Amino acid sequence: MLNSLYIENFAIIDKINVDFTDGLNIITGETGSGKSILIEAFELLLGQRFNKSFVRDSSKKTIVEATFTIADNSKIKFLEDMGYNVEDGVIIISRIVDTNLKSINKLNNRSITLNTLNVLMSKFVDIHGQNGTQSLLNKDFYLDLIDSFDKEETFKIKTELSGILNNIAEYKKAYKSFNITNEEKDRQLDIINYQIDEISQIDLDNVDEEELENEYNKLSNVNLIKNNIGEILNMYSDENYNEQDINTMFNIVLSKMDSISEFDNEVNSLKQDLDKIYYEMDDLFSRISSYSSGIYQDEFKLNDLENKIAIITNLKRKYGKSINDIVLFRQDLERRLKELNEITENKRKFKELIDSKKKKGIELSDRLHKIRKEIVFKLEKLIVQNLKDLNMKHADFQVKFEKLSEFNEKGYDSLDFLIKTNLGQDLKPMASIASGGEISRIMLGFKSVISDFEDINTLIFDEIDTGISGRTALVVGEKLIDLSKDKQVISISHLPQIASLSDNHILIEKIDLNNETKSILKVLTPEEKVNEISRLIGGINITETTIEQAKLMINQANELKKDRR
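Bear in mind the structure is a predicted one, so any value in this text is a computation, not a measurement.

Another aspect to go through is the environment of K139. Its place among the elements puts K139 in the loop between α4 (130–135) and α5 (142–147). You can call K139 partly exposed: its relative accessible area is 42%. Along the sequence, K139 and T116 sit 23 residues apart, while their C-alpha atoms lie 26 Å from each other. Setting aside its immediate chain neighbours within four residues, K139 contacts L415 and D416.

What follows deals with the packing of aromatic side chains. Under the criterion given, the structure shown has 11 aromatic pairs. Judged by centre distance (4.9 Å) and plane angle (20°), the rings of F10 and F54 are stacked. Here F10 is found in strand β1 (residues 2–10), whereas its partner F54 is found in the loop between α1 (35–45) and β4 (62–69), with 44 residues between them in sequence. Each member of the pair F10 and F54 is classed as buried. With a centroid separation of 5.4 Å and an interplanar angle of 75°, the aromatic rings of F397 and F417 are classed as edge-to-face. Separated by 20 residues along the polypeptide, F397 in strand β9 (residues 396–408) and F417 in strand β10 (residues 411–420) bring together distant segments of the chain. Three or more aromatic residues link up through ring pairs in this structure, and these residues are F10, F50 and F54. Positioned over the ring face of Y412 is K403, at 4.5 Å from the centre of the ring.

The subject of this paragraph is the sheet that holds β10. Spatial ordering of the open sheet is given by β9-β10-β11, a layout of 3 strands whose pairing is antiparallel. At either end of the open sheet lies a strand with only one pairing partner, and these are β9 and β11 (428–429). Pairing of β9 with β10, which is carried by 9 bridges, proceeds in the antiparallel orientation. The residue of β10 that forms the bridge with F401 is L415. Across the sheet, helix α14 (residues 343–389) is in contact with β9 and β10; its angle to β9 comes to roughly 170°.

Using the criterion set out here, one finds 1 cavity of 30 Å³ or more in the structure. Here the largest cavity is characterised by a volume of approximately 30 Å³. Forming the walls of the largest cavity are L2, F42, L45, L46, F68, V125 and I460. Class assignment of the residues belonging to the lining of the largest cavity gives a composition of 7 nonpolar, no polar and no charged.

Its 18 residues place the ends of helix α7 (residues 182–199) 26 Å apart at the C-alpha level, agreeing with the 26 Å of an ideal helix rising 1.5 Å per residue. Buried within α7 are the following residues: K185, Q188, L189, I192, Q195, I196, E198 and I199. Where the residues of α7 are buried, they touch α12 (299–319), α13 (323–341) and α14.

How each quantity is defined
Residues numbered from 1 in each chain as written. Predicted model: local features only at pLDDT ≥ 70, side-chain atom pairs only at ≥ 80, totals over all residues. Heavy atoms only, no water. Helix = DSSP H or I, 4+ residues; strand = E, 2+ residues; numbered from the N terminus. Buried < 20%, exposed > 50% of the residue type's maximum accessible area, 1.4 Å probe, protein only. Contact = heavy atoms within 4.5 Å. Phe/Tyr/Trp six-rings, centres within 6.5 Å; stacked < 30°, edge-to-face > 60°. Lys NZ or Arg CZ within 6 Å of the ring centre and 35° of its normal. Pairing = 2+ DSSP bridges. Axes fitted to C-alpha atoms, helices over the stretch in contact; angles between N-to-C directions. 1 Å grid on protein atoms, 1.4 Å probe; cavity = no way out; pocket = protein on both sides within 12 Å on 5 of 7 lines; lining within 4 Å. Points joined across faces, edges and corners; volume = space filled by probe spheres on them. Nonpolar A, V, L, I, M, F, W, Y, C, P; charged D, E, K, R; others polar. Expected span 1.5 Å × (residues − 1).

What follows is the structure, encoded as structure tokens:
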């Protein structure tokens, strides 16, 4: 239930704070007083986008904020599952535009996107104004309306249908990839086989590219390696006795250390370390000599390595930046080759999958159609009865079913609402009805039926009484009373017959103050309500007669509410 509404710096509203009650809340005011602006504020709370033109003074924040009480534990859980903490069943929706025209949206002081706000608030509040009325003239709205009478089952079926359509789209795409001519098949086979053969020139699965590069670098520099090693070995041990090599010099060092080692234990220790180094060095140069003896210039192997490196470089240029990329590309080619060679079998397989899903889709659409037929059978009677209650005694209503050539995510049904409002008329599509008053009553008749199935606590009506008067206004008022027995109803009205039925009467006025025009809202006392009903009866001239009429109308309204509640 909507408890309160706070608006600041919004259009011609400077600052207002108004409380609502359960039952029937009626809002009245003269033309141009700001009633439509109030509806704009309500729609913002349900997730509509903020129109910057509503900012009254750009140097101040614009605020639209409402407090709701949620009594339903399942709805509280729904909010908490969405991550919004609800204390004492109270939620506060805030829509703010700051001085930089930045929009801020919050639920219980936590940021919320407009899409999420729209999803959440659609479970709590329903607004019916000109846009709501137009939805009855839009055929795209009809299926959703019918399905709302059995949301759980129809939603389940439509979700399954959506999944089936996604499957069919995937299977069709796969099937299309096999749907090629023999010439195209042969062309693809030629290209794939050529690419596989080219990649298969070398066994990439067993190639170590780093090892390949190292081996190539060694063989291509054999002469340089052998020459340098030869010089190194000569420096260590030269056969020319006139040259002093490393080995000879080290032996001299060892001999001198040996001659003095007996005089000092530390010298003896150093001599032992030198002996160790000598033997290690001798072993190392022996290994260097063996390495030099083992390498030789193998032109055949060098050419083979050059060829392999050239092939790998070319394959990288064509098929991938690395050997792993090339291997993966080859695997894709092999899969496609297999598919092309099995193209007839694959087409058959995907055709069977498509047909199976289509069959399942038709079965689900049949179930959906059956559910809708059962709903419509009851709905037609209820709508007709409600229209008769709304003083449309000769009204008739039917739902026309048409079957689409293919099912979609909503099944294969296409609906049209047919109606007649007077004797002698034929049933015609709802969209052909021109009378604003009739459309408003038809919409109220629909809402009276639908509200019993919807778990929405607050209904807002924007001048539902447009285009009606007299007895018809009274029956519209009776419907609003019936709706307000179990739900909070907020209705903007200009008719005294309906306004007199209010449990909570709110007046919106436009005043001139400090060279500014402002709208103000206030909850009327019983005495003020009498004056406002009197104004609605007689216009600006309030007389004793209109006041007495207003009192009588309010008393009759109170008796009517007692009878119908």
